[in-house]
Amino acid sequence: MASGEGRRGHQNLVPLAALISREMRSEKMEKPTVRFGHAAQSKKGEDYFLIKTDCQRIPGNSSSAFSVYAIFDGHNGNAAAIFSRENLLNHILGALPRGLGRDEWLQALPRALVAGFVKTDKEFQRRGETSGTTATVVIVDRWTVTVASVGDSRCILDTQGGPITNLTVDHRLEENIEERERVTASGGEVGRLSIYGGAEIGPLRCWPGGLCLSRSIGDVDVGEFIVPIPYVKQVKLSNAGGRLIIASDGIWDALSSESAAKSCRGLPAELAARQVVKEALRTRGLRDDTTCIVVDIIPPDNALPPPPPPKKKNKLRALLFRKKSSDSTSKLSKRLSAVNIVEELFEEGSAMLAERLGNEGNSVESSSTSGIFVCAVCQIDLASHEGISVHAGSIFSTTSKPWQGPFLCADCRNKKDAMEGKRPSGIRVS
Ligand SMILES: [Zn+2]
């Protein structure tokens, strides 16, 4: 008895949120309806966006559908933003192994996002054009939302009755101390613009280059410590659904995440996007390009069951499912907001490529079964003697094996070293 009691006691320590998510998984969750809206006001013509609602994991199979929403806020010109809009998604999808089921595919996404961002940055830099861009990419697959971002185009999540959370971090030197330290450690200098007389003005920037952001795509004329490695977060919504607001800093310089979310509650997505832009302009005027995409992930009509009978087992269900018509001030929704019903599946923001690409799995990687090595970033085929392990020579090589994948081509290996400050920008090592 005693041991049984102990075990049961231990189980009681499982946080409510984990219990709930376990419960959610066992529920057969129906497919949500996804609706979106977009609005923008242009000042410099450097904001670009992408909305693609007809993507399919398995071509021709409509039940494998997912949608993609992205914002690219360019600086020093619009070339990097346009290039990223045209190429980034293809590079991300190209880095995903073929023939994966939904769960495996979602699990493989974070790595593919990193590879796609780095490949896009490399390709754009090779063109020798100046300009850079933020990139915030949101992939919605049923209830699972995966966000990858460099720069400061934020994506927030407003769950019904729950808290408003940021699904991105701002890669801004002024506010992000961790990034400031990373840039300094990789050989960049962080400081404000000095004007005549020595007075310092404006936000913190890194030098050379004078960029306020610590991560971006492009920016060939800036130090390579400005990396294109995205912060990635993946969450699974409860079947109450939620609203995503993706916007460039023209919105966020004027509105907090809270006020943006609250300004458009109750409006359908199209009107909501317009309302957020309007609210930002009212607060601050049109000082910058201002772009906003609103994505609503809406439960199917019959997904919400009637109020459960007072059975013990259904107490949890009562917590989980909001009555469809319940007003936002009801006790139920207050209790709901106290429980984080959004399940966090993945979060990683490290700027180290070796950490982000990780150890090669032995189940789904085509390279390990076919005997063909592929660069984990740019996906080019490698002869067996060409591949350099992402771990080789890194501080991680003590714990991982340098002959283990994933592998990089020589070019991507150079890029990796440069991003980590091991090779000063523009200096060739041979
Ligand atoms: Zn490569």
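Residues numbered from 1 in each chain as written. Predicted model: local features only at pLDDT ≥ 70, side-chain atom pairs only at ≥ 80, totals over all residues.

J.: Before we go on, may I ask you to explain the overall build of the chain in this structure?
T.: A count of helices and strands for the chain gives 13 helices and 19 strands. Looking at the chain as a whole, 42% of its 430 residues are labelled buried. Partitioning the contacts of the chain with sequence separation of at least 6, the portion at a separation of at least 24 is 67%. (Helix = DSSP H or I, 4+ residues; strand = E, 2+ residues; numbered from the N terminus. Buried ≥ 20, exposed ≤ 12 C-beta atoms within 10 Å, placed from the backbone. Contact = placed C-beta atoms within 7 Å.)

J.: Would you mind showing me how to read the pairing of strand 13 (residues 242–247) here?
T.: Taken across its six residues, strand 13 has six buried, putting it largely inside the fold. Of the two faces of strand 13, the one lined by Gly242, Leu244 and Ile246 and the one lined by Arg243, Ile245 and Ala247 are each fully buried. Pairing analysis gives six bridges linking strand 7 (residues 154–159) to strand 13, with the strands arranged antiparallel. Counterpart to aspartate 158 in the pairing with strand 13 is arginine 243. (Pairing = 2+ DSSP bridges.)

J.: Can you help me understand helix 8 (residues 269–284) in this one?
T.: At 3.6 residues per turn, the α-helix brings residues three or four places apart onto the same side. Taking 1.5 Å of rise per residue, 16 residues should cover 22 Å, and helix 8 covers 23 Å from first to last C-alpha, within 8% of that figure. Ala269, Ala272, Ala273, Gln275, Val276, Val277 and Ala280 are the residues of helix 8 that are buried. (Expected span 1.5 Å × (residues − 1).)

J.: Help me out: how do you make sense of the sheet that holds strand 13 in this one?
T.: What holds strands together in a sheet is hydrogen bonding between their backbones, with the strands either parallel or antiparallel. If you walk across this open sheet you meet the five strands as 1-14-13-7-8, and the pairing is antiparallel. Each edge of the open sheet carries a strand with a single partner, namely strand 1 (33–41) and strand 8 (164–166). Neighbour-to-neighbour, the strand axes of the sheet open up by a mean angle of 15 degrees, direction not taken into account. Bridge analysis of strand 1 against strand 14 (residues 290–298) gives nine bridges, and the strand direction is antiparallel. Counted as the bridge partner of glycine 37 is valine 294 from strand 14. (Axes fitted to C-alpha atoms, helices over the stretch in contact; angles between N-to-C directions.)

J.: Hey, could you run me through helix 3 (residues 79–94) in this one?
T.: With 16 residues, helix 3 extends 22 Å from end C-alpha to end C-alpha; this agrees with the ideal 22 Å at 1.5 Å per step. At asparagine 87, helix 3 is bent by approximately 40 degrees, the largest bend along its length. Three or more residues of helix 3 are buried, namely Ala80, Ala81, Phe83, Ser84, Leu88, His91 and Ile92. Taken together, the buried residues of helix 3 touch strand 2 (47–56), strand 3 (65–75), helix 4 (102–126), strand 4 (132–133), strand 5 (135–141) and strand 11 (217–218). (Bend = angle between axes of the 7 residues up to and from the residue.)

J.: Just checking my understanding: could you explain the nonpolar core for this structure?
T.: What tends to happen in soluble globular proteins is that the nonpolar side chains get buried as a cluster. Val138, Val276 and Val295 are the most contacted members of the largest nonpolar core, which has 97 residues in total. Residue contributions to this core peak at ten residues, all from helix 4. Sequence-distant contacts of valine 276, that is, excluding residues within four places in its chain, are made with Ile245, Ala247, Ile251, Ala260, Ser263, Cys264 and Cys292. (Core = buried A, V, L, I, M, F, W, Y, C linked by C-beta atoms within 7 Å.)

J.: Would you mind going over the environment of alanine 351 with me for this structure?
T.: Mapped onto the secondary structure, alanine 351 falls in the loop between strand 15 (343–348) and helix 11 (353–357). Residues alanine 351 and proline 228, 123 residues apart in the sequence, show an inter-C-alpha distance of 8.4 Å. Setting aside residues no more than four positions away along its own chain, alanine 351 makes contact with Arg182, Val227 and Ile229.

J.: What is the right way to look at the environment of arginine 111 in this model?
T.: Tracing the chain through its elements places arginine 111 in helix 4. Sequence-distant contacts of arginine 111, that is, excluding residues within four places in its chain, are made with Leu357 and Gly358.

J.: Honestly, unusual backbone geometry in this entry has me stumped. Any pointers?
T.: Most peptide bonds adopt trans geometry, and most residues besides glycine take a negative phi value. Cis geometry is adopted by the peptide bond preceding proline 208, which originates at tryptophan 207 and carries an omega value of 5 degrees. The topology assignment puts proline 208 in the loop between strand 10 (200–207) and strand 11. Within the chain, arginine 142 stands out as a residue other than glycine whose phi angle is a positive 50 degrees. When you line up the elements, arginine 142 lands in the loop between strand 5 and strand 6 (144–150).

J.: I'm lost on the confidence of the model for the chain in this one. Help?
T.: Segments scoring low in pLDDT should not have their predicted coordinates read at a detailed level. Chain-level pLDDT for the chain is 83 on average; 77% of the residues reach the 70-or-more range. Here residues 395–399 scores under 50 on pLDDT; set against residues more than four positions off or in separate chains, the count is five contacts. A low-confidence stretch, residues 425–430 stays under pLDDT 50, and its non-local contacts, those more than four residues away or across chains, total four contacts. (pLDDT = per-residue confidence, 0-100.)

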